[in-house]
Amino acid sequence: MQRVVLFSGGVGSSLLLYDLIEKHGFNNITPILVHSGDTPNESTRSIALDLCNNLGVSLTMTQSRGKQFRDYSLAFWGLEMLSSAVYSITQGGHLKGGDIGVYLGVTLDNLGDLDMVDDMCRFCSVLSQAISGQVRLITPFKYLSRDQVIEHLRLTYDSDLDYFITETQSCELGSRCGRCDGCYRRFVTFQSTNTPKNNCRVDPESDGFRGFVSKILEGNYSTQYCKIVGEWVVR
């Protein structure tokens, strides 16, 4: 099976790529960064390339075949990432047949992504017909929070992931701004897993962060995740 990782340089997709390489080696594993503009955000591109180089795999970058990301709902962007990755790996649809597993590092920390996954799974049947093969969406971390994924991989491989994890990025703007929900989630994850807060530019006393943790506590997140974010609410 050809394994394709929808890679962003974020915590989820980076840990997924790490896990796959540990389990299967380097054969038939292709990380693909799908970007919506003519070129990817320079910071995102640089971080993704460095992470892949550290793991010893080559990063493939491909432009979304549809409109700009901002024109789409999250669910529709998921379909765009999926179809663009399959289109790229089959060389524009010229390679027919075969078994393609498309891996997505979605975790329980982002419930919006889970709705997107359902649409992507249904769309796989359409893509399978298009390439006269089999396309499957695989989400190993779907029912785990990111803190649980980190702890699981540490135990599984008995390795120190701290340096690798801190080199990822979670910013929704691709700039490690420290003021978006992506950066806030990163801070909480690093706090709960005792990961050094390198590249975490978050002020836990800010109104933005306090508003974020209050919003998180209203959702269906892991007990550990709620326990950590609750520390800032009750102080």
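Look up: the structure comes first, before these words.
Residues take numbers from 1 onward in each chain, read along the sequence in its written order. Predicted model: local features are reported for residues with pLDDT of at least 70 only, side-chain atom pairs are reported and counted for 80 or more only, and whole-chain, interface and lining totals are derived from all residues. Side-chain measures were taken over the full set of non-hydrogen atoms in the model, leaving aside hydrogen atoms and water.

A. Representation of the overall build of the protein within the structure. For the protein, the count of helices and strands is nine helices and five strands. A run of H or I in DSSP counts as a helix once it spans at least four residues, and a run of E counts as a strand once it spans at least two, with each numbered from the N terminus. Traced from its N-terminal end to its C-terminal end, the protein shows the element sequence β-α-β-α-β-α-β-α-β-α-α-α-α-α. With 235 residues in all, the protein has 53% of them scored as buried. Accessible surface, the protein as shown: approximately 11100 Å² in total, 47% of it carbon and sulfur. In this scheme, a residue with accessible area under 20% of its type's maximum is buried, one over 50% is exposed, and one in between is partly exposed, where area comes from a 1.4 Å probe on protein chains only. In this description, accessible areas are obtained by the Shrake-Rupley approach with a 1.4 Å probe, and a residue is regarded as covered only by the protein chains that are shown.

B. Local environment of the nonpolar core. Residues enter a nonpolar core if they are buried and are Ala, Val, Leu, Ile, Met, Phe, Trp, Tyr or Cys, with the set joined through side-chain atoms within 4.5 Å. Judged by nonpolar contacts, the single largest core of 39 residues is most densely connected at Val5, Phe7, Leu15, Leu17, Leu55 and Phe209. Put simply, the parts of the chain that give this core at least two residues each are helix H1 (11-24), strand S2 (29-35), helix H2 (42-55), helix H5 (146-157), helix H6 (162-166), helix H7 (181-192) and helix H8 (207-216). At seven residues, H1 tops the list of elements feeding residues into this core. Setting aside residues up to four positions removed in sequence, Phe7 forms contacts with Ser13, Ser14, Leu17, Pro31, Ile32, Leu33, Ala48, Leu51, Cys52 and Leu59. Leu79, Ala85, Ile100 and Cys124 belong to the second largest nonpolar core, which has 22 residues in total. The criterion used for residue contact is that any of the two residues' heavy atoms lie within 4.5 Å.

C. Focus on the environment of Ser175. Here Ser175 lies in the loop between H6 and H7. Classification of Ser175 by relative accessible area gives partly exposed; the value is 39%. Excluding its chain neighbours within four sequence positions, the residues that come into contact with Ser175 are Gln169 and Arg201.

D. Spotlight on the environment of Ser46. Structurally, Ser46 can be placed in helix H2. When its relative accessible area of 31% is taken as the criterion, Ser46 is described as partly exposed. For Ser46 and Gly9, which are 37 residues apart along the polypeptide, the C-alpha to C-alpha distance reads 9.2 Å.

E. Quick peek at the pairing of S2. The element S2 is extensively covered by neighbouring structure, given that seven of its seven residues are classed as buried. Burial of the side chains of S2 extends over both faces: Ile29, Pro31, Leu33 and His35 are buried on one face and Thr30, Ile32 and Val34 on the other. Note: strand S1 (residues 2-6) against S2, four bridges, orientation parallel. Looking across to S2, one finds that Val4 is bridged to Thr30. The rule for pairing is simple: two strands pair if DSSP sees at least two bridges between them.

F. Seen up close, H7. Compared with the 16 Å implied by 1.5 Å per residue over 12 residues, the 16 Å span of H7 between its first and last C-alpha is a close match. For H7, the tally of buried residues reaches 10 of 12 residues, placing the bulk of the element in the interior. Within the sequence span of H7, burial applies to Gly182, Cys183, Tyr184, Arg185, Arg186, Phe187, Val188, Thr189, Phe190 and Ser192. Looking one or two residues past H7, Asn194 carries a phi angle of roughly 55 degrees, positive in sign. Each helix should span, by expectation, one fewer than its residue count multiplied by 1.5 Å.

G. Examining the pattern of salt bridges more closely. Any Lys or Arg side-chain nitrogen located within 4 Å of an Asp or Glu carboxyl oxygen qualifies as a salt bridge. For the structure on display, the rule yields eight salt bridges. In this structure, the salt-bridge partner of Glu42 is Arg45, at a minimum N-O distance of 3.5 Å. Of this pair, Glu42 and Arg45 both sit in helix H2, three residues apart, roughly one helical turn. Judged by its relative accessible area of 52%, Glu42 is exposed. Since its relative accessible area comes to 30%, Arg45 is described here as partly exposed.

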